[in-house]
Amino acid sequence: MLNSKDRAKLKSIASTTETILQVGKGGIGEALVKQVDDALTARELVKLHALETAPMAPGELAALLAEATGAQVVQVIGRKLVLYRKNLKKPVLLQD
């Protein structure tokens, strides 16, 4: 669970991070979950964009993707979603 200090740090990092994935009319499929999982392993912090054609609200998409990948939702602003999962082998962003 992220505390407020960690969440604030991740939000500031996410503000300058490029959006790397999009969720469209296909919603959340196995391929998207795999892409998000791989991106979280490599980067720890992933920023996604929910297109207008997405079948669910951005908050619902973020919650489902977080559950499917073992990540935590950092923030949902408009149609932007930010997810975080600590890399246990090589933590980069938040170190204890």
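Our structure is the block above this text.
What counts and what doesn't
Residues numbered from 1 in each chain as written. Predicted model: local features only at pLDDT ≥ 70, side-chain atom pairs only at ≥ 80, totals over all residues. Heavy atoms only, no water. Core = buried A, V, L, I, M, F, W, Y, C linked by side-chain atoms within 4.5 Å. Buried < 20%, exposed > 50% of the residue type's maximum accessible area, 1.4 Å probe, protein only. Helix = DSSP H or I, 4+ residues; strand = E, 2+ residues; numbered from the N terminus. Contact = heavy atoms within 4.5 Å. Pairing = 2+ DSSP bridges. Right-handed = clockwise from strand over helix to strand, strands pointing away. Polar contact = N/O pair within 3.5 Å; in protein donor to acceptor, adjacent residues only side chain to side chain. Axes fitted to C-alpha atoms, helices over the stretch in contact; angles between N-to-C directions.

## Observations concerning the nonpolar core
Part 1: Counting 18 residues, the largest nonpolar core has Val23, Val36, Leu48, Leu65 and Leu83 as its most contacted members.
Part 2: Going through the elements one at a time, β1 (21-23), α2 (30-43), β2 (45-50), α3 (58-69) and β4 (80-84) are the ones with two or more residues in this core.
Part 3: Per-element tally for this core: the top contributor is α2, with five residues.
Part 4: Once residues lying within four places of it in the same chain are set aside, the contact partners of Leu65 are Val23, Ile28, Leu32, Val33, Val36, Leu48 and Leu83.

## Observations regarding the pairing of β2
Part 1: The buried fraction of β2 is high, at five of six residues.
Part 2: Direction of pairing for β1 relative to β2: parallel, over a ladder of three bridges. Bridge pairing in β2 places Val23 opposite Ala50.
Part 3: With respect to chirality, the unit in which β1 leads through α2 into the neighbouring parallel β2 is right-handed.
Part 4: Note: β2 against β4, five bridges, orientation antiparallel. Bridging across to β4, Leu45 finds its partner in Tyr84.

## Digging into the environment of Lys25
Part 1: On the secondary structure map, Lys25 appears in the loop between β1 and α2.
Part 2: The exposure class of Lys25 is exposed, given its relative accessible area of 71%.
Part 3: Sequence separation of Lys25 and Glu52 is 27 residues, and the distance between their C-alpha atoms is 8.2 Å.
Part 4: Not counting residues up to four positions away in its chain, the partners in contact with Lys25 are Thr53, Ala54 and Pro55.

## Details of the environment of Lys34
Part 1: Tracing the chain through its elements places Lys34 in helix α2.
Part 2: Residues Lys34 and Thr69, 35 residues apart in the sequence, show an inter-C-alpha distance of 8.3 Å.

## Considerations on the side chain of Arg85
Part 1: With respect to the helices and strands, Arg85 occurs in the segment after β4.
Part 2: Within polar-contact distance, the side chain of Arg85 engages the backbone oxygen of Thr69 at 2.7 Å.
Part 3: Once residues lying within four places of it in the same chain are set aside, the contact partners of Arg85 are Asp37, Leu40, Thr41, Glu44, Thr69, Gly70 and Ala71.

## Some details on the sheet that holds β1
As a general point, the strands of a sheet are linked pairwise by backbone hydrogen bonds and lie either parallel or antiparallel.
Part 1: One open sheet accounts for four strands, arranged β1-β2-β4-β3; its pairing is mixed. In the strand order of this sheet, the two ends are held by β1 and β3 (72-77), each with one partner. For this sheet, the mean inter-axis angle between neighbouring strands, taken without regard to orientation, is 25°.
Part 2: The strands that helix α1 (residues 4-15) touches are β2, β3 and β4; relative to β3, the one it contacts most, it runs at about 55°.
Part 3: Along the sheet, α3 makes contact with β1, β2, β3 and β4, crossing β3 at roughly 165°.

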